[in-house]
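# What the coordinates show
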Amino acid sequence: MFAKPPPITVPQTTSRPGASLLAALTNPYVGAGGAAALFAIMAVLLVGLTGDPKAGTPIVRLSLAHIGETNGPPGWKQALPADGAVEAPLDDATVEFTTDAPAYADAGPMNGQAVITLPGGGAAPGAMTMTAGASLPQAPLAGLSAPGPGGILPVIGPDGSNVAQAYARPFTPDGHPRVALIIGGLGLNAKATRQAIDSLPPEVTLSFVPYSDGLQGWIDMARAAGHEVLLETPMEPKDYPDNDPGPYTLLTDARADDNGHKLEWLMSRASGYFGLTNYLGSKFVASPPAMTAFTAALKNRGLAFIDDGSAGRIGGGIPRASADRIVDSQPAGDAIDLQLSALETQASRTGRALGSGFAYPATLEEAAKWAAGLSARGYQLAPASAVMARR
């Protein structure tokens, strides 16, 4: 046991004015207590004078570790700028979103600011500032997911709600012809993905590759910026296996349960998408048995399906849309601009039109300029979910 310290004795002196106060101050316990009290008072005053007005504001931090690049469609690297096409992964980086809304998943649209913080401090260029009502609630929403083989899978909620509705961007028509645009191939390249999220209006739908590193982080960033999201599904093309979309490609002659397991793995890669879209698949979408099983799986999970125009005649009893044209089959500025103008012409005739493109630099640049003037030309930019129909 530790020995007790000897008692502290105070020498007796002749009483004189101030002697009692001096004795108290020389007492080490009283002195320490006084110093602590003085420190507390000064701390309160300092906070009162310089306190952070955002103290207590909910902050959402999302890891962007391992976001990098994988292989994309032929020619995608060549289409990138010459000054360093592919960026290094943002290992250990985070995106921080400061919001005015309550800090829970289904709080509704949030306002605030998102800042990407790089390893060692500092913010990445092009940090996003959110406008009122622009952002979409963070996924997963309560009741719309269940455990899957690699993460969570979308499910129909107990009340009948589904992700095709819950994760779609809200839309209010203004009476003008609707024009929608999907930009795909995202998650493959950090620079292109950030440019699409930051530079395109929130009404533009973004489509992500399931093999992307950091997929959930990218989807969270896209939804925080207001973009609804699709997940790309690799499907067998006519020239397979020479043109191979990857190890989880849905194959025409595969057993239904094999394709089902692949599809579950793909869907469990992330949460927050309102539907799937095809990646390649010219052979798969032409097979009625294969597409019947595919659309049945989506129907059971409350998902929509939007294709690039190759599966326009296929229904399945789910929310559906088919792209009217691919806007960057020739990834050059003038050609893309002509295709975007053709979408407007079609919308004038039919009331709506849907375009699809890849995240080439030229596509992102032309799409941003085109969208900025769309309203002045008498059209309404709409999310892809707003041009779907159940069929």
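The rules behind each value
- Residues numbered from 1 in each chain as written.
- Predicted model: local features only at pLDDT ≥ 70, side-chain atom pairs only at ≥ 80, totals over all residues.
- Heavy atoms only, no water.
- Helix = DSSP H or I, 4+ residues; strand = E, 2+ residues; numbered from the N terminus.
- Buried < 20%, exposed > 50% of the residue type's maximum accessible area, 1.4 Å probe, protein only.
- Lys, Arg positive; Asp, Glu negative; His and termini not counted.
- Salt bridge = Lys/Arg side-chain N within 4 Å of Asp/Glu carboxyl O.
- Polar contact = N/O pair within 3.5 Å; in protein donor to acceptor, adjacent residues only side chain to side chain.
- Contact = heavy atoms within 4.5 Å.
- 1 Å grid on protein atoms, 1.4 Å probe; cavity = no way out; pocket = protein on both sides within 12 Å on 5 of 7 lines; lining within 4 Å.
- Points joined across faces, edges and corners; volume = space filled by probe spheres on them.
- Nonpolar A, V, L, I, M, F, W, Y, C, P; charged D, E, K, R; others polar.
- Phe/Tyr/Trp six-rings, centres within 6.5 Å; stacked < 30°, edge-to-face > 60°.
- Expected span 1.5 Å × (residues − 1).
- Arc of directions from axis to C-beta.
- Axes fitted to C-alpha atoms, helices over the stretch in contact; angles between N-to-C directions.
- Parallel < 35°, antiparallel > 145°, perpendicular 65-115°, else oblique.
- Left-handed = near helix turned anticlockwise from the far one by under 90°.
- pLDDT = per-residue confidence, 0-100.
- Core = buried A, V, L, I, M, F, W, Y, C linked by side-chain atoms within 4.5 Å.
- Pairing = 2+ DSSP bridges.
- Right-handed = clockwise from strand over helix to strand, strands pointing away.

Our focus in this paragraph is the side chain of Arg-223. Structurally, Arg-223 is set in helix H5 (residues 215-224). Here Arg-223 sits buried without a salt bridge, and the closest side chain of opposite charge, Asp-220, lies 6.2 Å off (N-O distance). Of the polar contacts made by the side chain of Arg-223, one reaches the backbone oxygen of Gly-272; its length is 3.4 Å. When neighbours within four sequence positions are excluded, Arg-223 is seen to be in contact with Ser-135, Leu-136, Pro-137, Tyr-167, Val-229 and Gly-272.

Empty pockets left among the atoms are what a rolling probe the size of a water molecule brings to light. Here the largest pocket defines a volume of roughly 520 Å³. Lining the largest pocket are 23 residues, with Tyr-279, Asp-308, Ile-326, Ser-356 and Phe-358 positioned closest to its centre. Put simply, the parts of the chain that give the lining of the largest pocket at least two residues each are strand E7 (178-186), strand E10 (275-280), strand E11 (304-307) and strand E14 (352-358). In terms of residue class, the lining of the largest pocket is made up of 11 nonpolar, 8 polar and 4 charged.

What follows concerns the packing of aromatic side chains. Overall, the coordinates contain 5 aromatic pairs when judged by the stated rule. Their ring planes at 80° and their centres at 5.1 Å tell us that Phe-294 and Phe-305 sit as a pair that is edge-to-face. Separated by 11 residues along the polypeptide, Phe-294 in helix H7 (residues 288-300) and Phe-305 in strand E11 bring together distant segments of the chain. Here a set of aromatic residues connected by ring pairs shows up, and it is made of Tyr-211, Tyr-248 and Trp-265.

In a regular helix each residue adds 1.5 Å, so 12 residues correspond to 16 Å; helix H6 (residues 256-267) covers 16 Å between its end C-alpha atoms and thus fits that length. If you check which residues of H6 are buried, you get Asn-259, Lys-262, Leu-263, Leu-266 and Met-267. Projected down its long axis, H6 carries its buried residues within an arc of 130°, all on one side. Those residues of H6 hidden inside the fold are in contact with strand E6 (152-154), strand E9 (229-235), E10 and H7.

Here the focus is the packing of helix H8 (residues 333-350) against helix H9 (residues 361-372). Axis separation between H8 and H9 bottoms out at 9 Å; the angle between their running directions is 45°. The angle between H8 and H9 places the two elements in the oblique class. For the element pair H8 and H9, the recorded crossing hand is right-handed. Taken together, the residues of H9 that come into contact with H8 (itself represented by Gly-333, Ile-336, Asp-337, Leu-340 and Glu-344) are Ala-362, Thr-363, Glu-366, Ala-367 and Trp-370. Of the residues in the contact of H8 with H9, the class split is 5 nonpolar, 2 polar and 3 charged.

Moving on to the confidence of the model for the protein. Across the protein, the average pLDDT comes to 78, with 66% of residues at or above 70. Segment residues 1-26: pLDDT under 50, and 3 contacts once partners within four positions in sequence are set aside and those in other chains are kept. pLDDT under 50 marks residues 43-133. Its contacts with residues more than four places away, or in other chains, come to 164 contacts.

What follows concerns the pattern of salt bridges. Going through the model one piece at a time under the given rule, you end up with 8 salt bridges. In this structure, the salt-bridge partner of Arg-255 is Asp-257, at a minimum N-O distance of 2.7 Å. Residue Arg-255 is classed as exposed on the basis of its relative accessible area, which comes to 55%. Residue Asp-257 is classed as partly exposed on the basis of its relative accessible area of 36%. One network of salt bridges, with partners in common, ties together Arg-255, Asp-257 and Asp-258.

Attention now moves to the environment of Ala-254. The topology assignment puts Ala-254 in the loop between E9 and H6. Along the backbone, Ala-254 and Ala-290 are 36 residues apart, and their C-alpha atoms lie at a distance of 8.7 Å.

If you look at the biggest cluster of nonpolar residues, it comprises 72 residues, and the most contacted ones within it are Leu-206, Phe-208, Leu-276, Phe-294, Ile-306 and Leu-354. Tallying contributions element by element places E7 first for this core, with 6 residues. With near-sequence residues (within four places) excluded, Leu-206 lies in contact with Ile-183, Leu-186, Ala-196, Ile-197, Leu-200, Ala-222, His-227, Glu-228, Val-229 and Leu-230.

Alternating positions in E11 separate into two faces, Ala-304 and Ile-306 on one and Phe-305 and Asp-307 on the other, with burial throughout. In terms of strand pairing, E10 meets E11 through 3 bridges, oriented parallel. Of the residues in E11, the one forming a bridge with Thr-277 is Ile-306. The parallel pair E10 and E11, bridged by H7, forms a crossover whose chirality is right-handed. The pairing of E11 with strand E12 (residues 319-322) spans 3 bridges and is parallel. Paired with Ile-306 across the two strands is Ala-321, which belongs to E12.

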